[in-house]
Amino acid sequence: MEEFNLNLGVQKKETALPEVFDVIIIGGGPAGLTAAIYNSRARMKTLIIEKQAMGGQVILTSEVEDYPGFENVAGITLVQNMEKQARNFGTHIVYEEVEKIMDKGEAKELHCASGKIYKTCAVIIASGAGYRQLGALGEIRFRGKGVSYCGTCDGAFFRNQEIAVVGGGDTALEEAVFLTRFAKKVSVIHRRDTFRGAKIAQEKAFANPKIEFIYDTVVEEIAGDRGVEKVKLKNIKNGKVSDLAVTGVFIFVGLIPNTIFLKGFVKMDEAGYVEVNAEMKTSVSGVFSCGDCNIKTFRQIVTACGDGAVAAYSAQHYVDRVKGTEYI
Ligand code: NAP
């Protein structure tokens, strides 16, 4: 069987895959890649199943400044290095969408949309989270025609134009600063008068002369003819409505976990985040979970990697226990 790399440029052709893996990791972001590095280094038969593109959300991040050891690194470079490291230790990678996990006791089956079934002793969920939609009128109509969820991907289309950024977290603030490389003016529209994002991200945004802030305000509609021409705004404190002329709207209003395929299989909270203990064990024996898809307070690349290492350690001990080779 051949495996193909989608976009990280880490090329490798794979020959035969094992019939049964020691561990299968669902998701190829920092959490999954870290788990893969640890499990492969422990000489476990390790497979990553990735649905779209290796790297997860980090590949949408233009500059990472808070991953220790790298003062400033492009998100894609960071995860390319992680993928290379995992592959060099022997991790297999396939591109498939897992639809269902069947717990057959000591063996688990991962059923994919292609009809393929992968067998494994342990499973590590690292499926991450994706962007949340704003829910404003016109958002879906203008997606790809002025509405974007990725500054790195689409920023260059808005050279010398006036654009809006919606949200008040780290992503909105960091991306607003990044987008000033292209745009003439960036209006950050936030529903409160203070920001959720880190102080350093706030300082950088406040210091940028191309950024203006519109507080206590929600976007009610994204409007235009063939492309975005304006956003209709409402101040939630005084009810005043207004129009802001922009040709692009970048939406960064948080995350939703990629865990629909786990519904009814592992315990999750109401929002769909996976419940784990300190060892990254889920409610199902032999199934571990790490990174942004978990219930946790601090979603960072470094915490995802930390979770991934713990999940890998727990999975390794589980597999050794099942095989009767655990070193106690
Ligand atoms: P976030 O921290 O959840 O922030 C989402 C923002 O969107 C909040 O300001 C929220 O407003 C606003 N929002 C949510 N729903 C909205 C709606 N319907 N209408 C208007 N505004 C809405 O999400 P994020 O910025 O994507 O970050 C996700 C996680 O990744 C966080 O844990 C963050 O710290 C982390 N992250 C870290 C870095 C870094 O360390 N460099 C970079 C990027 C992301 P309220 O504040 O009013 O709720």
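Along each chain, residue indices are assigned from 1 in the same order as the chain's sequence is written. Where totals are concerned, whole chains, interfaces and linings use all residues; where local detail is concerned, this predicted model gives features only for residues with pLDDT of at least 70, and gives and counts side-chain atom pairs only at 80 or more. Water and hydrogen atoms play no part in the side-chain values, which are based on all heavy atoms of the structure.

Draft legend 1. Representation of the packing of helix 1 (residues 30-41) against helix 2 (residues 75-88) in the model. It is at 9 Å that the axes of helix 1 and helix 2 come closest, and there the two elements cross at 25°. If you check the angle between helix 1 and helix 2, you find them roughly parallel. Note on packing geometry: the crossing formed by helix 1 with helix 2 is left-handed. Listed contacts from helix 2 to Pro 30, Leu 33, Ala 36, Ile 37 and Ser 40 of helix 1 are Val 79, Met 82, Glu 83, Gln 85 and Ala 86. Classifying every residue of the contact of helix 1 with helix 2 by side-chain character gives seven nonpolar, two polar and one charged. In this analysis an axis means a line fitted to C-alpha atoms, helices contributing only their contacting stretch, and an angle means the value between N-to-C directions, from 0 to 180 degrees. Segments assigned H or I by DSSP are reported as helices when at least four residues long, segments assigned E as strands when at least two residues long, and all are numbered from the N terminus. Under this scheme an angle from 65 to 115 degrees is roughly perpendicular, one under 35 degrees roughly parallel, and one over 145 degrees roughly antiparallel; angles in between are oblique. Crossing handedness: left-handed means the near helix sits turned counterclockwise from the far one by under a right angle, and right-handed means the same turn made clockwise. Residues are treated as being in contact if the distance between any of their heavy atoms lies within 4.5 Å. Basically, the charged four are Asp, Glu, Lys and Arg, the nonpolar ten are Ala, Val, Leu, Ile, Met, Phe, Trp, Tyr, Cys and Pro, and anything else, Gly included, counts as polar.

Draft legend 2. A look at the site of the ligand. The cutoff for a nearby residue is simple: one of its non-hydrogen atoms must lie within 4 Å of the molecule or strand. Around the ligand lies a shell of 19 residues, among which Asp 66, Asp 170, Arg 192, Arg 196 and Gln 300 are the nearest. Within the side chain of Asp 66, a nitrogen or oxygen atom sits 2.5 Å from an oxygen atom of the ligand. Under the rule applied, a polar contact is a pair of N or O atoms within 3.5 Å (in protein, one hydrogen donor and one hydrogen acceptor; residues adjacent in sequence only if both atoms are side-chain atoms). Arg 191 places a polar side-chain atom, nitrogen or oxygen, 2.9 Å from an oxygen atom of the ligand. Residue burial considers only the protein chains on display, and all accessible areas are found by Shrake-Rupley using a 1.4 Å probe. For the ligand, whose free accessible area comes to 910 Å², the fraction covered by protein is 79%. Of the residues contributing to the shell around the ligand, the split by class is four nonpolar, seven polar and eight charged. Domain start and end points were adopted from an automatic or database domain assignment. Domain assignment of the residues forming the shell around the ligand places at least three in each of domain 1 (20-131 + 255-323) and domain 2 (147-251).

Draft legend 3. Structural context of helix 5 (residues 199-206). Only protein chains enter the accessibility calculation, which uses a 1.4 Å probe; a residue whose area is less than 20% of its type maximum is buried, one above 50% is exposed, and one in between is partly exposed. Here helix 5 has its buried residues at Ala 201, Gln 202 and Ala 205. The buried residues of helix 5 occupy an angular sector of 100° when projected down its axis, which confines them to one face. Of the exposed residues in helix 5, those oriented more than 90 degrees away from the buried face are Lys 199, Ile 200 and Glu 203. Against helix 4 (170-179) and strand 11 (211-214) lie the buried residues of helix 5. It is the directions from the helix axis to the C-beta atoms that the arc portrays.

Draft legend 4. The arrangement of the state of the cysteines in detail. Note on terminology: disulfide denotes any pair of cysteine sulfur atoms within 2.5 Å. Applying the stated criterion across every chain yields a total of one disulfide. Sulfur-sulfur distance for the disulfide between Cys 150 and Cys 153 comes to 2.1 Å. Note on the Cys 150 and Cys 153 pair: the S-S dihedral is about 75°, so by sign convention the disulfide is right-handed. With a relative accessible area of 7%, Cys 150 lands in the buried category. For Cys 153, a relative accessible area of 43% corresponds to the partly exposed category. Looking at Cys 112, it has no disulfide partner, and the nearest cysteine sulfur is the one in Cys 293, 17 Å off. Here Cys 290 is not cross-linked by a disulfide; its sulfur's nearest cysteine counterpart is in Cys 293, at 6.6 Å. Take Cys 290: its relative accessible area is 1%, and that puts it in the buried class.

Draft legend 5. Examining the sheet that holds strand 12 (residues 217-224) more closely. What makes two strands pair is DSSP finding at least two bridges between them. With antiparallel pairing, the three strands of this open sheet are ordered in space as 12-13-14. Two strands close off the open sheet at either side, each with one partner strand: strand 12 and strand 14 (241-245). Taken pair by pair, the neighbouring strands of this sheet meet at an average axis angle of 25°, ignoring direction. The sheet contact formed by strand 13 (residues 228-235) and strand 14 spans five bridges and is antiparallel. When the sheet's bridge partners are listed, Lys 232 is paired in strand 14 with Asp 243.

Draft legend 6. Fine view of the packing of aromatic side chains. Note on ring pairs: Phe, Tyr and Trp rings are taken, using the six-membered ring of Trp, and paired if centres are within 6.5 Å. Classes follow the plane angle, with under 30 degrees stacked, over 60 edge-to-face and the rest tilted. In the structure shown here, the tally under the stated rule is eleven aromatic pairs. Between Phe 158 and Phe 250, the aromatic rings sit 5.4 Å apart at their centres with planes inclined by 75°, giving edge-to-face as the arrangement. In this pair, Phe 158 is assigned in the loop between helix 3 (151-154) and strand 9 (162-166) and Phe 250 in strand 15 (residues 248-251), connecting sequence segments 92 residues apart. Phe 250 carries the same exposure label as Phe 158, and that label is buried.

Draft legend 7. Examining the sheet that holds strand 11 more closely. Overall, parallel pairing links the five strands, which are arranged 8-15-9-10-11 in an open sheet. At either margin of the open sheet sits one strand with a lone partner, and together these are strand 8 (147-148) and strand 11. Bridge count for strand 9 against strand 15 is four bridges, and the pairing is parallel. Looking across to strand 15, one finds that Val 165 is bridged to Phe 250.

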